[in-house]
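Inside the fold
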Amino acid sequence: MLKSVAADLRIVMSRLDFGRRELSGAFGDIGTDLPPVVVRGIQVGLGVKLGTIAYGRYVPAEGGPGFYLAAACELLLAGLLLRPRFPAAVAVLLLGTGWALWHGTNPLGGTAAMPPAAGLPSREALWTGLVLLALPQVPLSLGNSVLATRDLADDWFPGRGVTLRRIGTTYSLFNAVVGVVGGIPVCQGFGGMAGHYAMGGRTGGRSCTTASSIWPWRRSRPSGWAT
Amino acid sequence: MTVLFPLPVLGVILAVEAGALVWRGSGVRVRSLDALVVLVVAATANLAPYGFLSATAVGSLMIHLRRAFRAPAAVDPGRETE
């Protein structure tokens, strides 16, 4: 009896491993099919989009004082980026923290981490997410979050074994977990990697620093927030 | 005490990421046609519906068309006589 169960388990595990290898191997196939120039174009397009959001929505969000704060941050960054030994991002975050503490609660805007809320999404939510979010996200994810990240990792961290399969597998697994604890989709994209590198984050400890710096900014759910 | 992080600071940090993307994406050591593809893909991503999906399709189509038209010229005439 035990032998037959063990044999069945071995068959199931081998089939699961086959499926995992087939799915993750698809990243390599797509990586060779998608022209690198198209990936570069996606990066420029994403950069323009993010720049529009940054200077069109975030910087003007708090009016005149917000512009002075942004200008101070830019000057600080410009000065500190010339001195790579000091992480410029820490100085900017400290400036933002000081500003927030000085002003107290800010009704005009801001960001905060939400506490996890475990639960399975409904079938309608899954379908809506697939059509409106996942489908348009596929080329962006493949181009910017997988292919471009591998290229940059090869350039800046050679010999670390960052492959398309590893990036794709960790990216997919993490978002599958995040979805059932009420989180938002995230990626290990090129822009974030380049941004962290430019601001002094060059090791794995950078992720721990980021997570611990976000935690104090949690707040209760605003009224009307979908639960 | 509930304190919210100021959006202008996040905007500046996001702008650094945007700058890194544009810098890397536009730094293609390529021919002029590749630069054109980068521009078209970037514009499509920002202007067309289903931006990045459309941009990938348009860019891939341009590259495949170029390969198709260049294929005869890529044949080495010397080899044909061997």
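Scroll up for the structure.
Figured I'd write up the structure that's included with this text. Predicted model only: the values in this text are computed from it and were never measured.

Let's shift gears to the overall build of chain A. Tallying secondary structure elements over chain A gives eight helices and zero strands in all. Each helix and strand of chain A, ordered N terminal to C terminal, gives the series α-α-α-α-α-α-α-α. Pairs at least 24 residues apart make up 67% of the contacts formed inside chain A by residues separated by at least 6 positions. Total accessible area on chain A stands at roughly 14,300 Å², and carbon and sulfur atoms take up 67% of it.

It is worth spelling out the side chain of A:S141 at this point. Among the secondary structure elements, A:S141 is positioned in helix 5 (residues 123–156). Within the local environment of A:S141, its side chain forms a polar contact with the side chain of A:Y171, the two groups lying 2.7 Å apart.

We now examine the pattern of salt bridges. Residue and element names in this part refer to chain A. Counted under the stated rule, the structure contains one salt bridge over all chains. A salt bridge links D154 to R150, with the shortest nitrogen-to-oxygen separation between them at 3.8 Å. With D154 and R150 both in helix 5, this residue pair falls four residues apart, about one helical turn.

A few words on the interface of chain B and chain A. Facing 41 residues of chain B, the contacting portion of chain A comprises 60 residues. Interface of chain B and chain A: buried area, both sides summed, is about 4,700 Å²; carbon and sulfur atoms make up 79% of it. Connecting chain B to chain A are zero salt bridges. Where chain B touches chain A, the interface holds two residue pairs in polar contact (both at pLDDT 80 or more). Per element, the largest residue contribution to the side of chain B that touches chain A is 19 residues, and it comes from helix 1 (residues 7–26) of chain B. Counted by class, the side of chain B that touches chain A contains 29 nonpolar, nine polar and three charged residues.

Once that is clear, we can look at helix 5 of chain A. The terminal C-alpha atoms of helix 5 of chain A lie 42 Å apart, and with 34 residues this falls more than 12% below the ideal 50 Å at 1.5 Å per residue. The largest bend along helix 5 of chain A reaches roughly 40° and is located at A:L130.

Attention now goes to the environment of A:L120. Residues and elements named next belong to chain A. Mapped onto the elements, L120 comes out in the loop between helix 4 (88–103) and helix 5. On the accessibility criterion, L120 (76% relative accessible area) is exposed. Spatially, the C-alpha atoms of L120 and G179 are 8.0 Å apart, while their sequence positions differ by 59 residues.

Rules used throughout
Residues numbered from 1 in each chain as written. Chains lettered and ligands numbered in written order. Predicted model: local features only at pLDDT ≥ 70, side-chain atom pairs only at ≥ 80, totals over all residues. Heavy atoms only, no water. Helix = DSSP H or I, 4+ residues; strand = E, 2+ residues; numbered from the N terminus. Contact = heavy atoms within 4.5 Å. Areas by Shrake-Rupley, 256 points an atom, 1.4 Å probe, with all protein chains shown as cover. Polar contact = N/O pair within 3.5 Å; in protein donor to acceptor, adjacent residues only side chain to side chain. Salt bridge = Lys/Arg side-chain N within 4 Å of Asp/Glu carboxyl O. Buried area = accessible area lost by both parts, 1.4 Å probe. Nonpolar A, V, L, I, M, F, W, Y, C, P; charged D, E, K, R; others polar. Expected span 1.5 Å × (residues − 1). Bend = angle between axes of the 7 residues up to and from the residue. Buried < 20%, exposed > 50% of the residue type's maximum accessible area, 1.4 Å probe, protein only.

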